[in-house]
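Fold and contact review
Chain residues, written in single-letter form:
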Amino acid sequence: MDAPHSSGAAENGPVTTSHSVTVISPAAMGDLGRALAKLLRPGDLVMLTGELGAGKTTLTRGLGEGLGVRGAVTSPTFVIARVHPPLGEGPALVHVDAYRLGGGLDEMEDLDLDVSLPDSVIVVEWGDGKVEELSDDRLHVVIDRATGDTDDDVRKVRLTGIGARWADTDFADLAGLGG
Ligand SMILES: Nc1ncnc2c1ncn2[C@@H]1O[C@H](COP(=O)(O)OP(=O)(O)OP(=O)(O)O)[C@@H](O)[C@H]1O
Ligand SMILES: [Mg+2]
């Protein structure tokens, strides 16, 4: 079997920053998203990796709140991508569920989203091996259940910045969240 949850990050570019955070509840995952939003800029690509129900969409909801975008972030099960326009000055949030994006990036471009991707923050669930070409720089967020117990609310979140964009980013401020 292949390993859909491995990040493959190191092969594709320099890992410039890496940080782990323990998140103890869905609310704390939202807090992490809101805090992370402060670090994001237009054109950023965030790739979320983690099994079903890991908390990828929960984190994205916090990101959307932190960015101040329109519309509730929900699981984009029936659409491949959803655009959340900014309420104020900030970037739009483009939330992609790449699970059914069989063809990868080409298909993404064919979606003809009514938004400028370089001016947006793009968050992709299930994008490993499919959307890396969108940007040389990207933030990989890997969410793991801390134990094998599916009833357990504790998650380990590993943030890895790849490329020059993230070289000077200090994720340490995020560490205190959720703990
Ligand atoms: N620490 C936690 N962080 C995030 N979600 C948690 C946590 N503990 C429990 N949960 C629960 O786990 C579920 C996470 O669902 P969510 O839709 O965010 O996962 P997902 O990774 O997007 O799944 P999918 O692969 O199906 O898109 C929610 O029901 C949430 O309440
Ligand atoms: Mg999801």
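Residues numbered from 1 in each chain as written. Chains lettered and ligands numbered in written order. Predicted model: local features only at pLDDT ≥ 70, side-chain atom pairs only at ≥ 80, totals over all residues. Heavy atoms only, no water.

With an unreviewed UniProt entry as reference, the protein is termed tRNA threonylcarbamoyladenosine biosynthesis protein TsaE, source organism Streptomyces finlayi. Under the UniProt heading Subcellular location (unreviewed entry), the note attached to the protein is "Cytoplasm". Its UniProt record gives the protein the following Sequence similarities (unreviewed entry) comment, quoted word for word: "Belongs to the TsaE family." (UniProt positions renumbered as here; feature names shortened; annotations may be inferred.)

A word on the nonpolar core. Of all hydrophobic cores here, the largest spans 28 residues; its most connected members are Leu139, Val141, Val157, Leu159 and Leu174. Put simply, the parts of the chain that give this core at least two residues each are strand S1 (15–23), helix H2 (26–37), strand S2 (45–49), helix H3 (56–67), strand S5 (120–125), strand S6 (138–145) and strand S7 (155–162). The leading source of residues in this core is H2, at six residues. Beyond its immediate chain neighbours, meaning those up to four positions away, Leu174 contacts Val21, Leu32, Ala35, Leu36, Leu39 and Leu159. Judged by nonpolar contacts, the second largest core, of 11 residues, contains Leu45, Met47, Ala98 and Val131. (Core = buried A, V, L, I, M, F, W, Y, C linked by side-chain atoms within 4.5 Å. Buried < 20%, exposed > 50% of the residue type's maximum accessible area, 1.4 Å probe, protein only. Helix = DSSP H or I, 4+ residues; strand = E, 2+ residues; numbered from the N terminus. Contact = heavy atoms within 4.5 Å.)

Moving on, we come to the coordination of the magnesium ion (ligand 2). Expected angles at a metal are 109.5 degrees for tetrahedral coordination by four donors and either 90 or 180 degrees for octahedral coordination by six donors. Protein-derived ligands of the magnesium ion (ligand 2) are Thr57 (OG1) and Glu125 (OE), with the metal-ligand distances lying across 2.1 to 2.3 Å. Remark: Glu125 occurs in strand S5 and Thr57 occurs in helix H3; sequence separation between them is 68 residues. As far as the burial class goes, Thr57 and Glu125 line up, both buried. (Donors = N, O, S within 2.8 Å, 3.2 Å for Na, K, Ca; no water.)

Neighbouring residues of ligand 1: 17 residues in total, closest Gly53, Lys56, Thr57, Thr58 and Asp153. One of the side-chain nitrogen or oxygen atoms of Lys56 is found 2.7 Å away from an oxygen atom of ligand 1. For ligand 1, whose free accessible area comes to 650 Å², the fraction covered by protein is 75%. Mapped onto the shell around ligand 1, the elements with two or more residues apiece are H2 and H3. The leading source of residues in the shell around ligand 1 is H3, at three residues. (Near = heavy atom within 4 Å. Polar contact = N/O pair within 3.5 Å; in protein donor to acceptor, adjacent residues only side chain to side chain. Areas by Shrake-Rupley, 256 points an atom, 1.4 Å probe, with all protein chains shown as cover.)

Here we come to H3. The end-to-end C-alpha distance of H3 is 16 Å, a good match for the 16 Å that 12 residues give at a rise of 1.5 Å each. Among the residues of H3, those classed as buried are Lys56, Thr57, Leu59, Thr60, Gly62, Leu63, Gly64 and Leu67. Next to the buried residues of H3 lie H2, S2, strand S4 (92–97), S5 and S6. In the segment just after H3, Gly68 is the residue with positive phi, at about 75 degrees. (Expected span 1.5 Å × (residues − 1).)

Attention shifts here to the packing of H2 against H3. Between H2 and H3, the least distance of the axes is 7 Å, while the angle of their chain directions is 45 degrees. Taken as axis vectors, H2 and H3 run oblique relative to one another. Remark: the crossing between H2 and H3 carries right-handed chirality. Residues Pro26, Met29, Gly30, Leu32, Gly33, Arg34, Leu36 and Ala37 of H2 lie in contact with H3, whose contacting residues are Thr58, Leu59, Gly62, Leu63, Glu65, Gly66 and Leu67. (Axes fitted to C-alpha atoms, helices over the stretch in contact; angles between N-to-C directions. Parallel < 35°, antiparallel > 145°, perpendicular 65-115°, else oblique. Left-handed = near helix turned anticlockwise from the far one by under 90°.)

On the secondary structure map, Val124 appears in strand S5. For Val124, a relative accessible area of 0% translates into the label buried. Distance from Val124 to Ala98, taken between C-alpha atoms, is 6.5 Å for residues 26 residues apart in sequence. Apart from the residues within four sequence positions on either side, Val124 is in contact with Leu45, Val46, Met47, Leu48, Val96, Ala98 and Val131.

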